[in-house]
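Listed below are the residues making up each chain.
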Amino acid sequence: MRDGVTPRAGALVLAVLALQLAFIASYIGALHEPTPHRIPVAVAAPPEALDDLIGKLDRLPGEPLDARPAFSEDAARRMIDEREVYGAFIVSNTDATDRLIIASAAGSSVATALTQIVTPLEDAQDRAFTVEDAKPAPLGDARGLSGFYLALGWVVGGYLVAIAVSTSKGSRPANPHRALIRLLSLAAYAAVAGVGGALIAGSLFGALDGHLVRLWWFGALLVFASGCCTMALQAAFGFVGTGMTILLFVILGSPSAGGAYPAPLLPAFWRAIGQWLPPGLGTEAIRGIVYFDGVGVQRAAIILGGYSLFGLVGTLLVAQIAQPRQIVIPPSQALVPVGSSATISR
């Protein structure tokens, strides 16, 4: 074994095994049993019945809904537009037919869950309801997943280019000058990747069309933030830093990003971390750009700016600390090589 596998290689194999098992556990743990948990929903009803209805919805077994009062249908629609809620339940005061307003572009699985929750409630009251999709995803963006795939592609590209750069002259830049060159190269790459992804999603496939400029700058920021953070972790921890990046961005970040199942359908751990990791930030911001007039993009940009700042400062700081120090020997202490014709004056 020692002839074929060194102790260091063996340790790396064990590390890969740990990441592999963590990948399986994270994806299955997050996605194997999507369950509604306090889905924010606006409720508009006659004033005398509103409080009782909200209390009844909040006390449903398993707490699938987080009912919030809306004193008119217009107010409920504004709450959907501002992404405060995933849908609205409008109770009629004139007949026995109510309405459920959903926003499938924010997550088709949540829209389906809302319909499934409301159906038995209405049946128990001998009432009917119609469903209106206020924010439908177009045919080119089936189930609203294109934003998730675009965000994931940008994140993966960001950390892969950082890994690729590290293979040339080591994961740790030899000096701040070399670190700065790597960071500037990453910025140029991010700009190209941003426009490339936006063109593919929009012009090529028509999935997220009509938002080229905003998708471009946000995609560039997402790529740069992911790559910067990766560079800093690699500079500080070497190969372990690469594993940390995969753990954060892929193993934890992807299943918690809200792609197939948005946050209200995920277990508590993944609900909590998804809103702070680049894949989730990217997915929600892209949906905000395309369907909700930019709602939620500012928060995502600020957090990604924090990732970028961490990466910039971390990479430059490690390069500064790690660079070789030159020792200056005073002329009086310099050794004269044997056989040299130099003379020393007294």
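Residues numbered from 1 in each chain as written. Predicted model: local features only at pLDDT ≥ 70, side-chain atom pairs only at ≥ 80, totals over all residues. Heavy atoms only, no water.

*Asks:* Which residues make up empty space enclosed by the protein, and what are the values?
*Replies:* Under the criterion given, the structure shown has 2 cavities of 30 Å³ or more. In this structure, the largest cavity spans a volume of roughly 50 Å³. Forming the walls of the largest cavity are Val41, Leu57, Leu65, Phe89, Leu100, Leu114, Val118 and Leu121. A per-element tally of the lining of the largest cavity places helix H4 (residues 108–124) first, with 3 residues. When its residues are assigned to classes, the lining of the largest cavity shows 8 nonpolar, no polar and no charged. Along its surface, the second largest cavity is lined by Ala162, Val165, Ser166, Ser171, Arg182, Met231 and Gln234. Looking at the lining of the second largest cavity, the elements with two or more residues in it are helix H5 (146–169) and helix H7 (212–237). Per element, the largest residue contribution to the lining of the second largest cavity is 3 residues, and it comes from H5. (1 Å grid on protein atoms, 1.4 Å probe; cavity = no way out; pocket = protein on both sides within 12 Å on 5 of 7 lines; lining within 4 Å. Points joined across faces, edges and corners; volume = space filled by probe spheres on them. Helix = DSSP H or I, 4+ residues; strand = E, 2+ residues; numbered from the N terminus. Nonpolar A, V, L, I, M, F, W, Y, C, P; charged D, E, K, R; others polar.)

*Asks:* Give a description of the packing of H5 against helix H10 (residues 278–291) that names residues and reports values.
*Replies:* Interhelical geometry of H5 versus H10 gives an angle of 140° and a closest axis separation of 8 Å. Here H10 runs oblique to H5, going by the angle between their axes. Where H5 crosses over H10, the two elements pack in a sense that is right-handed. Facing Gly147, Phe148, Leu150, Ala151, Trp154 and Val155 of H5, the residues of H10 in contact are Pro278, Pro279, Gly282, Thr283 and Ile286. (Axes fitted to C-alpha atoms, helices over the stretch in contact; angles between N-to-C directions. Parallel < 35°, antiparallel > 145°, perpendicular 65-115°, else oblique. Left-handed = near helix turned anticlockwise from the far one by under 90°. Contact = heavy atoms within 4.5 Å.)

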